[in-house]
Structure formats: C-alpha cells, structure tokens
Amino acid sequence: MDVKIEQSWKTRLQNEFGKEYFINLTNFVKNEYDSYTVYPPGRLIFNAFDKCPFENIRVVILGQDPYHGPGQAHGLCFSVREGVTFPPSLINIFKEIHNDQGNSLPDSGNLERWAEQGVLLINATLTVRAGQAGSHQNKGWEQFTDEVVRLVAKEKNNIVFILWGSYAQKKGETIDRAKHLVLESPHPSPLSASRGFFGNNHFSKANAYLVEHGMEPVEW
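Residues numbered from 1 in each chain as written. Predicted model: local features only at pLDDT ≥ 70, side-chain atom pairs only at ≥ 80, totals over all residues. Heavy atoms only, no water.

> An account of the side chain of Glu 142 is needed here, citing residue identities and associated values.
One can find Glu 142 in helix α6 (residues 141-155). Buried within the structure, Glu 142 lacks any salt-bridge partner; its nearest side chain of opposite charge belongs to Lys 171, at an N-O separation of 6.8 Å. (Helix = DSSP H or I, 4+ residues; strand = E, 2+ residues; numbered from the N terminus. Buried < 20%, exposed > 50% of the residue type's maximum accessible area, 1.4 Å probe, protein only. Lys, Arg positive; Asp, Glu negative; His and termini not counted. Salt bridge = Lys/Arg side-chain N within 4 Å of Asp/Glu carboxyl O.)

Okay, structure coming up:
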C-alpha cells in the first residue's frame, strides 16, 4: 500500500502498511471521509510525521484523539492551526511553560515550531468524526501508533517521552526507562490539570536531559 508519509517513516513503517489491520483501517477511514466530516483534513493525517522526520526526533508527546471541532485539528496532538482559539488543554500547556520557564504566552497555538525542533506530536488515534470524540478509537490506529512508539524506543537513544494522563501512560508502558527519559503527570485538561499537571516542570526537565546528553534544548 502506498501511504503518503515522510520518507524516513515510510521506510520504517512499510511492513505495517501491508498488514491486515492497517488495510482494514484504511478502508474504514476512507469510508468515513466519504460519508461524514472527519478531522483532520485527509492530507494532514500524517502531518506529525511529515514535520518531524525519524532522524530528528528528540522528544515524543503522546495525545489521545484529534480535536473534533471545525478548523482545529491539523495532525499534531494538542496543536491548532494559526488563528484558531486555543482549546483549554493547550491554554494549560502554555501556562505550565510560562510557570516552568518564564516564556510569555504565544500568539499562535500551532505547534509545528516544536515539530521542526524534533518533537513528535502524535495522537494515539489519528482521525475523528466531527463532534464525536473517540469515534475512531479501536479501529486500528492504536495498533499503528503503538508500533511507532515501539520503533522510536527501540531504534533511538535518550528520547524524552512526555505522557500526560493515564491513557498516554498506558501506551508508554513498554518504553525502556533505562534508555530514555519518561515524564508522566496528569493530563492538561481542566478536569485534571490542577491535580499535578501544573508544576510538573516537564519542559525544563526535558531540556535538562537533552543538554545532559549533548543535544540542543527545545525552544518551547
């Protein structure tokens, strides 16, 4: 199957694309796009991979579902397009960066600027039906993104994995903690941010680890 994804990922994931679950997933997703409004736009499903080639990865942030409101999702977890109002979780992420590092709140919620620095921003599920959170869960995306996490953890060294909330933490259970830094806290959602997301200092901890291992810090 010819999947339109950045070449370094295509080379490594080619075997996945031929598996029965992925073929079934592709058929399901195509039918959904034909029948309903689905986010993100089809050409942006693999945007996180396109903006962050395998060779560039230094940090992985795991989300759950794409945003399901109009004009928000563009293939990077927690990120929204230019000019789009910041969702509550993203506001809390920016608040924590401000508290942790003193950065002023940015004008844009587009996190491509992180991806271009080697931050892989992937959701466990890469598509969603408009207005229906979780509508594309358990269709195969999770198996695909589990393989992505496994691949990064196996082939790379000294990656920072940032796992917010129990869903992401469960997805990261197989990561070798002796080989990588795994940062965990509650999710930045308003429902849980005050229970340990605020004050987790994940952004400064990630940068300290990167510098310690001879890499440039991320400009959050």
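Following the structure, the description resumes.
> Please set out the pattern of salt bridges residue by residue, giving values where relevant.
Summed over the entire model, instances satisfying the criterion amount to 9 salt bridges. Among the salt bridges present, the one from Lys 19 reaches Glu 16, with a minimum N-O distance of 2.7 Å. Across the pair Lys 171 and Asp 146 runs a salt bridge whose closest N-O atoms are separated by 2.6 Å. One end of the pair, Lys 171, is in helix α7 (residues 166-171); the other, Asp 146, is in helix α6, with 25 residues separating them in the sequence. When its relative accessible area of 10% is taken as the criterion, Lys 171 is described as buried. Residues joined in a network through salt bridges with shared partners are Arg 12, Glu 55 and Glu 155.

> So what's going on with the side chain of Glu 32? Which residues, and what values?
By secondary structure assignment, the location of Glu 32 is in helix α2 (residues 20-35). Given the relative accessible area of 4%, Glu 32 is considered buried. Setting aside residues up to four positions removed in sequence, Glu 32 forms contacts with Val 38, Arg 129 and His 136. (Contact = heavy atoms within 4.5 Å.)

> So what about the packing of α2 against α6? Which residues, and what values?
Relative to each other, α2 and α6 sit at 125 degrees, their axes nearing to 9 Å. The orientation of α2 relative to α6 falls into the category oblique. When you trace α2 past α6, the crossing you get is left-handed. In this structure, α2 uses Tyr 21, Phe 22, Leu 25 and Val 29 to contact α6, whose residues at the interface are Trp 141, Gln 143 and Phe 144. (Axes fitted to C-alpha atoms, helices over the stretch in contact; angles between N-to-C directions. Parallel < 35°, antiparallel > 145°, perpendicular 65-115°, else oblique. Left-handed = near helix turned anticlockwise from the far one by under 90°.)

> Explain the pairing of strand β3 (residues 119-123) to me, and be specific about the residues and the numbers.
Counting buried residues along β3, 5 of its 5 residues qualify, which places the element largely inside the surrounding structure. Burial along β3 is two-sided: the face carrying Val 119, Leu 121 and Asn 123 and the face carrying Leu 120 and Ile 122 are both buried. Inspection of the sheet shows strand β2 (residues 59-63) paired to β3 by 5 bridges, in the parallel sense. Within β3, the residue paired with Gly 63 across the bridge is Asn 123. (Pairing = 2+ DSSP bridges.)

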